[in-house]
Amino acid sequence: MASASGLLSEQHFLCSIWWRPTKDWAKVNVHQSSRVGPVRTAVSQLEKTLSQEMKKQLCDVELKRIQQYEVDVTLDPDTAHPYLILSEDGKQVTSGNVKNNVPDNTERFLDCVCVLGQQSFSSGRFYYEVQVGGKTEWTIGVARESINRKGRPNNGFWTIILMNGNVYKAAADPADLLPVRAELQKVGVFVDYEEGLVSFYDVETRVNLYSFTGCSFTERLYPFFYAGGRNSAPLIISPVNIDAGLREDGGNMSPVSSK
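Given the structure is predicted, the values throughout are model-derived calculations rather than measurements.

> Give a detailed account of the overall build of the protein chain, specifying residues and quantitative values.
Each helix and strand counted, the protein chain has two helices and 15 strands in total. Per-residue burial for the protein chain yields a buried fraction of 38% across its 259 residues. Sequence separation of at least 24 residues holds for 70% of the intrachain contacts in the protein chain that already meet a minimum separation of 6. Total accessible area on the protein chain stands at roughly 15,800 Å², and carbon and sulfur atoms take up 52% of it.

Here you go:
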């Protein structure tokens, strides 16, 4: 049988083990594995990829909704500069080398190598697309009815521009360079008259190129096309390709008139 002194000694030994102070881990240096850097890089890249994919999906949804406001635009021969050549269906315009024998009516551009669409818009929303690939210079957008047609127009239009084959700008004041990395092939133009909004889209990448906001529209607006430049590639008004059943006009389409 254990003595009292022996039991006390054993209890003291057990208590000394139980109450032994733990290590101060705050003072311990943890050495990072050399694998942490690559892991962090991979995670960051994954986040970036997911962010880009989500942005792409959102842009796709936005453009599909805007494309529902497609209108049928044809070119107005009475406004075309004498050096422009229009197709019979009014969907293509090319800059020629020979001046056409056309009347100098009040609607016609004489200085700027431009042409307007036949359709005008005074309310609501509308959208159209233009094939621009292959041209080295072009301007597309919308212009108000009173734009200067006999001299160089300095205001009254909301457009984006291609210059020298690779310089894209928005015709703002001052002009804004657009961060376009590859040649644009097809551009979408969207207008919300009441909101004072004119937006441009790269149809292939589904990205918004530029938006004029806070515009004050008081006149009819016309689709606007500059097809100058030294090459003969045409600007082509093309039909919008959207999934069947997506169109939800719901009475929001803007009134359209032809001249």
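On we go.
> Which residues make up the environment of Thr213, and what are the values?
By the element assignment, Thr213 lies in the loop between β12 (207–212) and β13 (221–226). Measuring from C-alpha to C-alpha, the distance between Thr213 and Leu197 comes to 4.8 Å, with 16 residues separating the pair along the chain. Excluding its chain neighbours within four sequence positions, the residues that come into contact with Thr213 are Gly196 and Leu197.

> Give a description of the side chain of Gln119 that names residues and reports values.
Assignment of secondary structure puts Gln119 in strand β4 (residues 119–121). Only 3.5 Å separates the side chain of Gln119 from the backbone oxygen of Asp72, close enough to count as a polar contact.

> Residue-level account of the state of the cysteines, with values.
Throughout the structure, instances matching the rule amount to one disulfide. Each sulfur in the disulfide pair Cys112 and Cys114 lies 2.1 Å from the other. Judged on exposure class, the residue Cys112 and its partner Cys114 are both buried.

What counts, and at which threshold
Residues numbered from 1 in each chain as written. Predicted model: local features only at pLDDT ≥ 70, side-chain atom pairs only at ≥ 80, totals over all residues. Heavy atoms only, no water. Helix = DSSP H or I, 4+ residues; strand = E, 2+ residues; numbered from the N terminus. Buried < 20%, exposed > 50% of the residue type's maximum accessible area, 1.4 Å probe, protein only. Contact = heavy atoms within 4.5 Å. Areas by Shrake-Rupley, 256 points an atom, 1.4 Å probe, with all protein chains shown as cover. Polar contact = N/O pair within 3.5 Å; in protein donor to acceptor, adjacent residues only side chain to side chain. Disulfide = S-S within 2.5 Å.

In short, the description is geometric, and any link to function would need to be established separately.
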